[in-house]
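Given next are the chains, with one letter for each unit.
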Amino acid sequence: MPHAETGMNGVYVYDFSVPADAADANGHVSNIDYVRWMIEAAHRHAASTGCTAATRESGATWVVRSHWIEYLRPAFAGEGVTAMTWVADLRRVQSQRKYRFLRQADESVLAQGETEWVFVDAATGRPRAIPHPIKALFHVVPDGPGTRASR
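Right, let's walk through the structure included here. Per chain, residue numbering runs from 1 following the sequence as it is written. In keeping with the model being predicted, local features are shown solely for residues with a pLDDT of at least 70 and side-chain atom pairs are shown and tallied solely at 80 or more, while totals for entire chains, interfaces and linings include all residues. Excluded from the side-chain calculation are hydrogens and water; included are all heavy atoms of the structure.

## So, the packing of aromatic side chains
Planes of paired rings set the category: under 30 degrees apart is stacked, over 60 is edge-to-face and the rest tilted, where pairs are Phe, Tyr or Trp rings (Trp by its six-membered ring) whose centres lie within 6.5 Å. Applying the stated criterion to the full structure yields eight aromatic pairs. Consider the rings of Y34 and F101, whose centres lie 5.5 Å apart with planes at 70°: the pair is edge-to-face. Of this pair, Y34 sits in helix α1 (residues 31-49) while F101 is found in strand β5 (residues 94-103), placing the two residues 67 residues apart along the sequence. Each member of the pair, Y34 together with F101, is buried. Only DSSP runs of H or I covering at least 4 residues are called helices, and only runs of E covering at least 2 are called strands; the numbering of each starts at the N terminus. Relative accessible area decides the class of each residue, using a 1.4 Å probe on protein chains only: under 20% of the type maximum gives buried, over 50% gives exposed, and in between gives partly exposed.

Quick look at the structure:
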C-alpha cells in the first residue's frame, strides 16, 4: 500500500514500487507509465482535498489539455519511487499542475513534468469557470518544492 500525504505546503506526495510490467524493451520504465503516474498523482491529490467530490457535485469534470515531461534518469522494476504533484496555477477555466518523480534509494530526480487541465461541464463538454469553492481546495505552489529533504 503506497504512503500518501498532502503537506501544508500544498504538495501531494506518495510512494510506490515500480511494477514489473512497467519495464519497456530497454528494461526501464516506459514513457507511457510516467504519463499514467502523472494522471494518477493528480487524481489522488484531487480526491484527498475533496476536489473530486466537489467537481462531480457541480456537474463538471477535469480534462487534460496537454502534458509535457522530461526524463532525466531511468527507473527500473522493483525500485521505490516518490511521486510529487502540486497545482502551480489556477486560472478561470484552467489549472497547471506540476510533477516530480524521485528514486527513493538516492533521492535523484527521475522525471519531471506538467499538465494543463481544463474544467469542463460534464453535460456539454464545454469549458466553464472553476467555482471559487473548488479553487479554494488547493494551495497554489507556483515554484514547486525543493528536493525531498526540504518537504
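## Details of the pattern of salt bridges
One speaks of a salt bridge when a side-chain nitrogen belonging to Lys or Arg is within 4 Å of a carboxyl oxygen belonging to Asp or Glu. For the structure shown, the criterion picks out eight salt bridges. Between R103 and E79 there is a salt bridge, with the nearest N and O atoms lying 3.0 Å from each other. Placement of the pair is R103 in strand β5 and E79 in the loop between β3 (60-71) and β4 (80-90), with a sequence separation of 24 residues. R128 serves as the salt-bridge partner of D121, at 3.4 Å between the closest nitrogen and oxygen. The network of salt bridges with shared partners includes E79, R103 and D106.

## Here's the deal with the side chain of R97
Along the chain, the position of R97 falls in strand β5. Charge counting treats Lys and Arg as positive and Asp and Glu as negative, with His and both chain ends excluded. In this structure, R97 is buried with no salt-bridge partner, the nearest side chain bearing the opposite charge being E116 at 10 Å. By the criterion applied in these results, polar contacts are pairs of N or O atoms within 3.5 Å in which, for protein atoms, one can donate a hydrogen and the other can accept it, and in which residues neighboring in sequence qualify only through two side-chain atoms. There is a polar contact of 3.0 Å between the side chain of R97 and the side chain of T85. Any two residues whose heavy atoms approach within 4.5 Å are treated as being in contact. Beyond its immediate sequence surroundings of up to four residues, R97 is in contact with A42, H45, T85, W86, V87, A88, G113, E114, T115, W117 and F138.

## Looking at the pairing of β5
Across the 10 residues of β5, nine count as buried, placing the element largely inside the fold. Two strands form a pair only when DSSP identifies at least two bridges running between them. Sheet topology note: the β4/β5 ladder contains nine bridges and is antiparallel. Across the sheet, residue T85 finds its bridge partner in β5, namely Y99. Linkage of β4 to β5, two consecutive antiparallel strands, is achieved through a turn of three residues. Bridging between β5 and strand β6 (residues 109-121) involves nine bridges; their strand directions are antiparallel. Bridged to Q94 within β6 is V118. In textbook terms, the turn of a hairpin is the stretch between consecutive antiparallel strands, and for β5 and β6 this stretch comprises five residues, one of which, E107, has a positive phi near 60°.

## Description of unusual backbone geometry
The phi dihedral of E107 falls on the positive side, at around 60°, and the residue is not glycine. For E107, the location among the structural elements is in the loop between β5 and β6. Given a relative accessible area of 39%, E107 falls into the partly exposed group.

## Structural notes on the nonpolar core
Working definition of a nonpolar core: buried Ala, Val, Leu, Ile, Met, Phe, Trp, Tyr and Cys residues. They are joined through side-chain atoms within 4.5 Å. Core analysis: the largest hydrophobic core is formed by 30 residues, its most contacted members being Y34, W37, W62, Y99 and F101. Elements supplying a minimum of two residues to this core: β2 (12-17), α1, β3, β4, β5 and β6. Take this core: its biggest share by element is six residues, from α1. With residues up to four places along the chain from it excluded, the contact list for W62 reads C51, T55, S95, W117, V118, F119, I130 and I134. Counting seven residues, the second-largest nonpolar core is a separate cluster that includes V11, M84, W86 and A88.

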